[in-house]
Structure formats: structure tokens, C-alpha cells
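Here is how the chains run, residue by residue.
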Amino acid sequence: MSLTLTSALLVGLGGMAGATSRHVVDQQLVGKWSTFTVNVLGSIALGFIVTAPVGDVTATLAGTGFCGAFTTFSSFAVGVAELVDVGDYRTAAWYAFGTLLAALVGVVIGGAVGGSVG
Amino acid sequence: MDRSELALVAVGGFLGATLRYLVGVAIPGTGGTLAVNVLGSFVLGAFITTVSSRRAQWLFGSGVLSSFTTYSTFAVQTAGLSMTGGLLNIGANYALGFVAAGLGIALGRRQ
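Note that the coordinates shown come from a computational prediction; the quantities given were computed from them, not determined experimentally.

Calculation notes
Residues numbered from 1 in each chain as written. Chains lettered and ligands numbered in written order. Predicted model: local features only at pLDDT ≥ 70, side-chain atom pairs only at ≥ 80, totals over all residues. Heavy atoms only, no water. Core = buried A, V, L, I, M, F, W, Y, C linked by side-chain atoms within 4.5 Å. Buried < 20%, exposed > 50% of the residue type's maximum accessible area, 1.4 Å probe, protein only. Helix = DSSP H or I, 4+ residues; strand = E, 2+ residues; numbered from the N terminus. Contact = heavy atoms within 4.5 Å. Buried area = accessible area lost by both parts, 1.4 Å probe. Salt bridge = Lys/Arg side-chain N within 4 Å of Asp/Glu carboxyl O. Polar contact = N/O pair within 3.5 Å; in protein donor to acceptor, adjacent residues only side chain to side chain. Nonpolar A, V, L, I, M, F, W, Y, C, P; charged D, E, K, R; others polar. Expected span 1.5 Å × (residues − 1). Axes fitted to C-alpha atoms, helices over the stretch in contact; angles between N-to-C directions. Left-handed = near helix turned anticlockwise from the far one by under 90°.

## Examining the nonpolar core
Consideration 1: Phe73, Phe76 and Val80 of chain A together with Tyr71, Phe74, Tyr94 and Phe98 of chain B are the most contacted members of the largest nonpolar core, which totals 29 residues.
Consideration 2: Listing elements by their share of this core, those giving two or more residues are α2 (32-51), α4 (74-85) and α5 (89-116) of chain A together with α2 (30-48), α3 (54-68), α4 (72-79) and α5 (83-110) of chain B.
Consideration 3: With near-sequence residues (within four places) excluded, Tyr94 of chain B lies in contact with Phe73, Phe76, Ala96 and Leu100 of chain A together with Tyr71 and Phe74 of chain B.
Consideration 4: Counting residues in hydrophobic clusters, the runner-up holds five residues, among them Ala8 and Ala69 of chain A together with Ala17 and Tyr21 of chain B.

The structure is reproduced here in C-alpha cells:
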């Protein structure tokens, strides 16, 4: 991806929408289920976007911007570290690998749907 | 909801996503995603243990730092790699990201 002002603005606008959408989900769901939900939903959506016949503008706005910001690695990693910190290794492992498995399956499903609409 | 709550998250999301895009231009591919995820996890760990202001948490926590890092791009990039490459990418993001978050939390508590 090359640096352009247009792309940076599209990513910023998508990020604005993605962050506020994530924040709204945070207010509906308790704790780590919120982070799990946004990460899996966002992975399904990004899997769709990268295989569907969308243009560069949509991919940058909705993919890099919205999906990138709607999902979050930092809240996830801090959540795992906090579980490890209190000695709850079992929940930490479930959270870490459950998110990974669900997100990867989500990417495959989203990608299959995106590829089929071409 | 505080009237400024969504506005602060939105401004932070704009900044965080744009910063992530700039890192991705400088370091294309999985390396850039790894860089933002590890750096963002460290800073968020330090941030949540030192800053208690709700407005600061909306702007920097939910906004900038959560949007700077990304799980979806990590997942899509991992799915596109070979089995070995995918496992290495998962191992790097998980091991370094968790350690970075833990270090950030530990550092923040010492302040």
C-alpha cells in the first residue's frame, strides 16, 4: 500500500466509525465477550472484503479503516495478561485460543462468501 | 452516556487508525501488523494502570490505542500464509503481544 493523503483520510474515517461501533458493543456486552465479539465479527467482515470484488476505496475505508479499528489486539492482549496476572491460566488459554480459532474460521467463511459474489 | 464520550472515541479512532496505516506503509505486510500490535499492547497496559480519567480512557484507550492495533488484519494475514508461516505469525503476535501487555501493566503499577 503506497502512502497517499486520500488513503490516509479514508483509513481515518473508517477508523472513526470502527472505534465508535466497537465502543457501542463494549456497552452492550460484558468484559471479554465484547472484545471476543468485535474481533470475530471484524475478522469475518475483513475476510469478505479481501476476496469480494470491491474497489480500492472500499477496501481502504471499510477494510483497513473500519475493520482494522473495530477489532483490537491491544485490549485482547491486556485481557490475557490480566488473567495470567491473577493466575487464571485456564481462562487465559481459552480466551487466547478461542479467539484465534473463531477469528480464523471467520476469515475462511467471510472469504468464501466474498469469493462467491464475484 | 457522556455527551463527549462517542466524540472522544471517534477522534481517537481516527488518529489510531491513521497511525496504523502509516506504520503499514513503512513496514508492509505482517511485520507492520506485528509492530502495531506489540507496541499498542505495551502502551495500553501501561495506560490502563496509570490513567484513571474516563475521558482520557475514551480518547486514548478505546480510541487511539484500540484502533492502532488490529486483530482482523492479523487473522486475515495469518490465513493467507503457509502452515509454518501462519504458526510463526501467531506465535510472534501472541508471545510478544502478551509479554508487552504484561510489561506495560507491571511498569504502570510501579509508577
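## Things to note about the interface of chain A and chain B
Consideration 1: In this assembly, 47 residues from chain A lie in contact with 44 residues from chain B.
Consideration 2: Of the roughly 3500 Å² buried between chain A and chain B on both sides combined, carbon and sulfur atoms contribute 73%.
Consideration 3: With its nearest N and O atoms 3.0 Å apart, the salt bridge here joins Arg109 of chain B to Asp85 of chain A.
Consideration 4: For the pair chain A and chain B, the interface holds 20 residue pairs in polar contact (both at pLDDT 80 or more).
Consideration 5: Listed by contribution, the elements that provide at least two residues to the side of chain A that touches chain B are α1 (5-28), α2, α3 (56-70), α4 and α5 of chain A.
Consideration 6: A total of 14 residues in the side of chain A that touches chain B trace back to one element, the largest contributor, which is α1 of chain A.
Consideration 7: In terms of residue class, the side of chain A that touches chain B is made up of 24 nonpolar, 20 polar and three charged.

## Structural notes on the side chain of Thr71 of chain A
Consideration 1: Counting through the fold element by element, Thr71 of chain A comes out in the loop between α3 and α4.
Consideration 2: Here Cys67 of chain A takes part through its backbone oxygen, which lies 2.9 Å from a polar atom of the side chain of Thr71 of chain A.
Consideration 3: Polar side-chain contacts of Thr71 of chain A include one of 3.2 Å to the backbone nitrogen of Tyr71 of chain B.
Consideration 4: The contacts of Thr71 of chain A, once residues within four sequence positions are left out, are Arg22, Val38, Asn39, Gly42 and Ser43 of chain A together with Ser66, Thr69, Thr70, Tyr71 and Ser72 of chain B.

## Some thoughts on α4 of chain A
Consideration 1: For α4 of chain A, with twelve residues, the first-to-last C-alpha span of 16 Å sits near the 16 Å given by 1.5 Å per residue.
Consideration 2: All of the buried residues in α4 of chain A are Ser74, Phe76, Ala77, Val78, Gly79, Val80, Ala81 and Leu83 of chain A.
Consideration 3: Of the surrounding elements, those touching the buried residues of α4 of chain A are α2 and α5 of chain A together with α2, α3 and α5 of chain B.
Consideration 4: Looking one or two residues past α4 of chain A, Gly87 of chain A carries a phi angle of roughly 85°, positive in sign.

## Re the environment of Ala77 of chain A
Consideration 1: Locating Ala77 of chain A in the fold gives a position in helix α4.
Consideration 2: Each C-alpha atom of the pair Ala77 of chain A and Ala96 of chain A lies 8.4 Å from the other, and the pair is 19 residues apart in sequence.
Consideration 3: Sequence-distant contacts of Ala77 of chain A, defined by excluding residues within four places in its chain, comprise Ser41, Gly97, Phe98 and Ala101 of chain B.

## A word on the environment of Ala75 of chain B
Consideration 1: Tracing the backbone shows Ala75 of chain B in helix α4.
Consideration 2: Counting along the chain gives 14 residues from Ala75 of chain B to Asn89 of chain B, while the straight-line C-alpha distance between them is 9.6 Å.
Consideration 3: With sequence-adjacent residues up to four places away left out, Ala75 of chain B is seen in contact with Ser43, Ala103, Leu104 and Val107 of chain A.

## Description of α5 of chain B
Consideration 1: Taking 1.5 Å per residue, 28 residues should reach 40 Å; α5 of chain B reaches 40 Å between its end C-alpha atoms and fits that length.
Consideration 2: Where α5 of chain B is concerned, the buried positions are Gly86, Asn89, Ile90, Asn93, Tyr94, Gly97, Phe98, Ala100, Ala101, Gly104, Ile105 and Gly108 of chain B.
Consideration 3: Of the surrounding elements, those touching the buried residues of α5 of chain B are α4 and α5 of chain A together with α2 and α4 of chain B.

## Let's talk about the packing of α1 of chain A against α3 of chain A
Residues and elements named next belong to chain A.
Consideration 1: In the contact formed by α1 and α3, the axes pass within 6 Å of each other and the chain directions differ by 40°. The two elements α1 and α3 cross, and the hand of that crossing is right-handed. Between α1 and α3, the contacting residues are Ser7, Leu10, Val11, Leu13, Gly14, Gly15, Ala17, Gly18, Ala19, Ser21, Arg22 and Val25 on the first element and Val57, Thr60, Leu61, Thr64, Gly65, Phe66, Ala69 and Phe70 on the second.
Consideration 2: Considered class by class, the residues forming the contact of α1 with α3 number eleven nonpolar, eight polar and one charged.

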